[in-house]
Amino acid sequence: MRIDVLGGFGGSSRDCRMTCLLINERVALDAGSLAQALPIEQQQRVHSIILTHSHLDHTNSLPFFIENVYGKSEGAIDIYASAATIYSIRRYLFNNATWPDFTRLPNHLLPAMRFHELGEEVPFEVDGVRFTPIPVSHLVPTHGFLLEQDGKAFLWSSDTGPTLRLWEIANRTPSLQALGIETSFENSLQQVADVSLHLTPRTLERELEKLEKKVPILLHHLKPPSIAGIHDEVRALRNPDLEFLEQGKRYEF
Ligand SMILES: [Zn+2]
Ligand SMILES: [Zn+2]
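A short tour of the structure in this document, coming up. Owing to the predicted nature of the structure, the values given are computational and were not obtained by experimental measurement.

1. Brief notes about the layout of surface pockets
Here's step 1: Of the volumes computed, that of the largest pocket is approximately 190 Å³.
Here's step 2: Lining the largest pocket are 13 residues, and of these Gly75, Ala76, Leu110, Pro111 and Ala112 sit closest to its centre.
Here's step 3: Classifying every residue of the lining of the largest pocket gives nine nonpolar, three polar and one charged.

Structure representation (structure tokens):
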């Protein structure tokens, strides 16, 4: 399984692209920067997008991506998401006011994109990769995902505050190679992190007590203004398993 980090942040600045992982060059997990990170020809190879939740830092490139691949990809782009996320995307993004409704363009029989509703912890397969949506604890309904291919697994938290099920899944997956967990704010913004259901290095450390195995832990979704503070505070945790997810890097499992 090849995972290219197109965007690894929870906000946008010159050097920070919003959350988007490209799996085996054909499937995107979240679409925070799909249109911004890839040349048009590579965008046209992507046929499926799996969304963790509706927040803009995970969905904002969808309208531009759809326009870039419109008429170029074979059939409709498949969007996999929860019912709540699909509702939000339809209502607030592709609503003909913010952007055209590409689920009815060029016509409703041959649309440019079509939605597939996910069931909680119901695995589904796209291009040989098995995805299992796992409920995490965020402001809107949000799924983390267990990705499995060729007997190897990778776990992705998406956005979450303190949570439980994700760690249970990590502990009961013997083939787990690595996991990505969010760390959005520095400790001085603990209150902001708590009300917005995100983690700081302080709450991350507590969360990691629930993990009963030793695997590389990739930190992601840093808010751009918090990057320096988070780096210092994570270093102070002195946990050799912790590293920062690198934007632009390819991870192979
Ligand atoms: Zn986010
Ligand atoms: Zn979010």
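Moving on from the model shown.
2. A word on the coordination of the zinc ion (ligand 1)
Here's step 1: Taken together, the protein ligands of the zinc ion (ligand 1) are Asp57 (OD), His58 (NE2), Asp159 (OD) and His221 (NE2), with distances of 2.0 to 2.1 Å.
Here's step 2: Around the zinc ion (ligand 1) sit four donor atoms, and with donor-metal-donor angles ranging over 89 to 165 degrees the site reads as irregular.
Here's step 3: In the primary sequence, the donor residues of the zinc ion (ligand 1) line up as D-H-x100-D-x61-H.
Here's step 4: The two metals, the zinc ion (ligand 1) and the zinc ion (ligand 2), are separated by 3.4 Å and share Asp159 as a common coordinating residue.

3. A look at the sheet that holds strand β12 (residues 152-156)
Two strands in a sheet stick together by hydrogen bonds in their backbones, pointing the same way (parallel) or opposite ways (antiparallel).
Here's step 1: Read from one edge to the other, the open sheet built from seven strands follows the order β9-β10-β11-β12-β13-β14-β15, with strand pairing classed as mixed. Every other strand in the sheet has two partners, leaving β9 (124-126) and β15 (242-244) as the edge strands with one partner each. Mean inter-strand twist for the sheet, computed between neighbouring axes without regard to direction, equals 25 degrees.
Here's step 2: Across four bridges, the pairing between strand β13 (residues 176-182) and strand β14 (residues 217-220) is parallel. Residue pairing in the sheet places Ile181 in a bridge with Leu219 of β14.

4. As for the pattern of salt bridges
Here's step 1: One pass over the structure, following the stated rule, counts 14 salt bridges.
Here's step 2: For Arg250, the salt bridge goes to Asp4, with nearest N and O atoms at 3.0 Å. Placement of the pair is Arg250 in strand β16 (residues 250-252) and Asp4 in strand β1 (residues 2-7), with a sequence separation of 246 residues.
Here's step 3: Assessed through its relative accessible area of 36%, Arg250 is described here as partly exposed.
Here's step 4: Note that Arg104 and Asp101 form a salt bridge whose closest N and O atoms lie 3.6 Å from each other.
Here's step 5: Taking the relative accessible area as the measure of exposure, Arg104 reaches 51% and is therefore exposed.
Here's step 6: Its relative accessible area of 12% is what places Asp101 among the buried residues.
Here's step 7: Each of Arg2, Asp4, Glu25, Arg45 and Arg250 takes part in salt bridges that share partners, so that together they form one network.

5. Focus on the sheet that holds β1
Here's step 1: The sheet built from seven strands is open, its strands ordered β8-β5-β4-β3-β2-β1-β16 with mixed pairing. Of all the strands in the sheet, the pair left with one neighbour each is β8 (113-117) and β16. Between one strand and the next, the sheet's axes are offset by a mean angle of 25 degrees, whatever the strand orientation.
Here's step 2: Looking at chain direction, β1 and β16 are connected through three bridges and run antiparallel. Note that in β16 the partner of Asp4 across the bridge is Arg250.
Here's step 3: Those strands touched by helix α4 (residues 62-69) are β4 (48-50), β5 (77-81) and β8, and its axis lies near 160 degrees from that of β5.
Here's step 4: Across the sheet, helix α5 (residues 83-93) lies against β5 and β8, angled at about 155 degrees from β8, the strand it touches most.

What counts, and where the lines are drawn
Residues numbered from 1 in each chain as written. Chains lettered and ligands numbered in written order. Predicted model: local features only at pLDDT ≥ 70, side-chain atom pairs only at ≥ 80, totals over all residues. Heavy atoms only, no water. 1 Å grid on protein atoms, 1.4 Å probe; cavity = no way out; pocket = protein on both sides within 12 Å on 5 of 7 lines; lining within 4 Å. Points joined across faces, edges and corners; volume = space filled by probe spheres on them. Nonpolar A, V, L, I, M, F, W, Y, C, P; charged D, E, K, R; others polar. Donors = N, O, S within 2.8 Å, 3.2 Å for Na, K, Ca; no water. Tetrahedral: all angles 85-135°; square planar, octahedral: opposite > 155°, others 65-115°. Pairing = 2+ DSSP bridges. Helix = DSSP H or I, 4+ residues; strand = E, 2+ residues; numbered from the N terminus. Axes fitted to C-alpha atoms, helices over the stretch in contact; angles between N-to-C directions. Salt bridge = Lys/Arg side-chain N within 4 Å of Asp/Glu carboxyl O. Buried < 20%, exposed > 50% of the residue type's maximum accessible area, 1.4 Å probe, protein only. Contact = heavy atoms within 4.5 Å.

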